[in-house]
Amino acid sequence: MAGQSVTLLRWKYSHYFEIVEEKEKVIIVKCKLCVGEKLLSTAKNTTSNLKKTSACKAQHYRIGRETKQQKLDFSSSSPGKTISSTELNKLVAAFIVEEMQPLSTVEAPTFRNIISKISVTGKRPGGVLPDRKTFASFLDNAYMEMETELKKTFADLEYVSTTADLWTAQNKSFLGITVHWIDPATLHRKKAAIACRRFRGRHTYDTIAAELEQIHSSYALCGKITATVTDNGSNFVKAFRMFQADDDNETKNDEDEVIFTDLHAVLRDDIESSERYVLPPHHRCASHTLNLICSNDIVKFLTAKADCKAVYRSATGKCSALWSKVSRSTVASESLEEFSKRKLLVPSTTRWNSFYDALSRVTDMPLVDLNQFCTRLDIRCITEREYQFNKEYCKVLKPVCMALDILQGEDQCFYGTLQPTLEILMTKILALKEAVLEKTAIKTWFSSILDSDEALIAAVTLPKFKLRWLRDETRKDNIKMILAAQCRALTIEIPQKEPLQSPESRDHENDFFAFPEEENQHDDQAITVDVEICEYLKSANMENLHDFPRILKIFLKANTGTPSSAPVERLFSIGSLILTPKRNRLTDQRFEKLLLLRYNLIWTFFWHKIILF
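Residues numbered from 1 in each chain as written. Predicted model: local features only at pLDDT ≥ 70, side-chain atom pairs only at ≥ 80, totals over all residues. Heavy atoms only, no water.

- You'll find the protein chain entered in an unreviewed UniProt entry as HAT C-terminal dimerisation domain-containing protein, with Cyprinus carpio given as the organism.

Written as structure tokens, this is what we have:
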């Protein structure tokens, strides 16, 4: 479009004209409706001349007349703008789902008044929507079609991963599950939510295992799941430990957990439940683990010594009073505008990184302005020692906050991102002498990950990292050996060129005297494992990963998982916008359908693929 007439390109009938030449103020075009080779000229800032000057004036007169009618006639739409009633229902359904509006919206008089102004094929004066009950069945059909599309997609995949968590809202509990996979063609990550099901009763490990297996089976995912990511909750940890064979990752770090068990349930059916369910491999959420390190281990360290404990308690206590005052008082919030252009953040009790962000916002203010603000709010002023303590706290833990942001990224965060992130995090922490305990805690909590060949292979087969994040040459050689062993264990047909055969070579005598050396002489044409690994480490990226079939196979399996369970928590965040107190009559099934349709918007966006009626 550079240099072309913007006015012409924006004109509704620009497709009838072909640009031949462009001058300083005039543009020369050829009319596709006119007979002959006559050219037309018009100014760049108007198209009026194209409507009245031509050998085929009748065609241009019709175009100009239609344009004027479009400007003056508000009672009906111009040709090409009418839609069918089915298309109108699809658009309204997309609006209801995406904007999370109640179904009663379709019966609101003001909304129906807007719809009536839309010209619908065969309807005059405008469109008419069905009632709420009919529209509910409309969405039920959309949900069934979405579910069918998901099952077809999963059937063509070899590997998927899931995230799972429990959520409580409006005195109800729900089990949410999201599925993640890598598109074999584009190597882009994809996701979908398959459940946010009402979870009744106690949250025991066996009931969790039963629901997980049932939901996985309903989508034929059993045997395809490389890992299920959950938080460090004892009920989830025990469920995967009890109903998973050959689990090496869950045998560590469980000694410090306090697990409450229903003794009656154990005596009743512990014997028969040991082989009742089969769950996939389990990964603990890395983000949740880092949050536990900062909110538990670091706090224990800071409160272990009396002098450090006193300054920590007083510094955080004064900041808490400041956050509380600003969040509850409009006068305090207005007074803050005199001292800072940014508002103070209020931390969440369940997210350490929100506490870090809130504390960083406080330390961004100069101490003089901060104390003047505290004086105006009648809050104890922060001392120089406390202020420096808060700054040092943010400085030491900034790498952890950065790592959390990386691991909680959802779109293109592969499982192979986890180990390089932990290694680089410990390297940055080691540069800070004050954070020795932090590195020790990371090694303790993530010992199964740091020693895992699975996590190593996932990182090496991710072209973004390969071996760049490693400094030890011995460790690099060991990883190459592990990768080579896994490549040799694969049975993949490498494309080969057929050798040219002469007519004489096809006779029975030559076939009879075919020696082993001659039969295998073209095997060297196939790329060897060592050459493939060497070439991959030199030049591979996500765009040409298909050129390395063995590496690609390992990549798809090792990197399908996610480092954290943040996707399922985002599902619950959307759910909180749907399941509001005003919608307390929403049934559990209707809530789940509306939530999954909204989360899986990529599936329901193409409404023309969904047969709703």
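## Quick word on the overall build of the protein chain
Moving on, step 1. For the protein chain, the count of helices and strands is 27 helices and eight strands.
Moving on, step 2. Counting only residues that meet the buried cut, the protein chain has 46% of its 613 residues in that class.
Moving on, step 3. Across the protein chain, the fraction of contacts at a sequence separation of at least 24, relative to all contacts at a separation of at least 6, is 67%.
Moving on, step 4. Taken as a whole, the protein chain presents about 34,100 Å² of accessible surface, with 53% of it coming from carbon and sulfur. (Helix = DSSP H or I, 4+ residues; strand = E, 2+ residues; numbered from the N terminus. Buried < 20%, exposed > 50% of the residue type's maximum accessible area, 1.4 Å probe, protein only. Contact = heavy atoms within 4.5 Å. Areas by Shrake-Rupley, 256 points an atom, 1.4 Å probe, with all protein chains shown as cover.)

## Details of the pattern of salt bridges
Moving on, step 1. One pass over the full model with this rule turns up 15 salt bridges.
Moving on, step 2. A salt bridge links R198 to D588, with the nearest nitrogen and oxygen atoms 3.0 Å apart. Of this pair, R198 sits in strand β6 (residues 189–198) while D588 sits in helix α26 (residues 588–599), and the two are 390 residues apart along the sequence.
Moving on, step 3. The partly exposed category is assigned to R198, whose relative accessible area is 23%.
Moving on, step 4. Several salt bridges share partner residues, and in doing so they unite K172, R198, R200 and D588 into one network. (Salt bridge = Lys/Arg side-chain N within 4 Å of Asp/Glu carboxyl O.)

## Notes on the nonpolar core
Moving on, step 1. Of all hydrophobic cores here, the largest spans 65 residues; its most connected members are V92, F154, I194, L212, L221 and F591.
Moving on, step 2. The element best represented in this core is helix α6 (residues 132–155), accounting for eight residues.
Moving on, step 3. Once you skip the residues sitting within four places of it in the chain, V92 turns out to touch V106, F111, I115, L129 and F135. (Core = buried A, V, L, I, M, F, W, Y, C linked by side-chain atoms within 4.5 Å.)

## Regarding α6
Moving on, step 1. In this model α6 runs 35 Å from its N-terminal to its C-terminal C-alpha over 24 residues, within 8% of the 34 Å that 1.5 Å per residue would give.
Moving on, step 2. Every buried residue of α6 is listed here: F135, A136, F138, L139, D140, A142, Y143, M146, L150 and F154. (Expected span 1.5 Å × (residues − 1).)

## Section: the packing of α6 against α26
Moving on, step 1. Following both chains from N to C, one finds α6 and α26 inclined at 60°, their axes separated by 10 Å at the closest point. In terms of axis orientation, α6 runs oblique to α26. Both α6 and α26 take part in a crossing whose hand is left-handed. When α6 is examined against α26, the residues A136, L139, D140, A142, Y143 and M146 are found in contact with a partner set consisting of R590, K593, L594, L596 and L597.
Moving on, step 2. For the contact of α6 with α26, the residue count by class is eight nonpolar, no polar and three charged. (Axes fitted to C-alpha atoms, helices over the stretch in contact; angles between N-to-C directions. Parallel < 35°, antiparallel > 145°, perpendicular 65-115°, else oblique. Left-handed = near helix turned anticlockwise from the far one by under 90°. Nonpolar A, V, L, I, M, F, W, Y, C, P; charged D, E, K, R; others polar.)

## Overview of the sheet that holds strand β8 (residues 282–284)
Moving on, step 1. Here five strands make up an open sheet; going across it, the order is β6-β5-β4-β7-β8 and the pairing mixed. Either end of the sheet is taken by a strand with one partner, and the two such strands are β6 and β8. Here the strands of the sheet are splayed against their neighbours by 25° on average, with no regard to which way each runs. (Pairing = 2+ DSSP bridges.)

## Comments concerning the pairing of strand β2 (residues 26–31)
Moving on, step 1. Looking at chain direction, strand β1 (residues 17–22) and β2 are connected through five bridges and run antiparallel. Of the residues in β2, the one forming a bridge with F17 is C31.

## Regarding the environment of A321
Moving on, step 1. Residue placement: A321 occurs in helix α11 (residues 306–328).
Moving on, step 2. C-alpha separation for the pair A321 and C374, spaced 53 residues apart in sequence, amounts to 9.6 Å.

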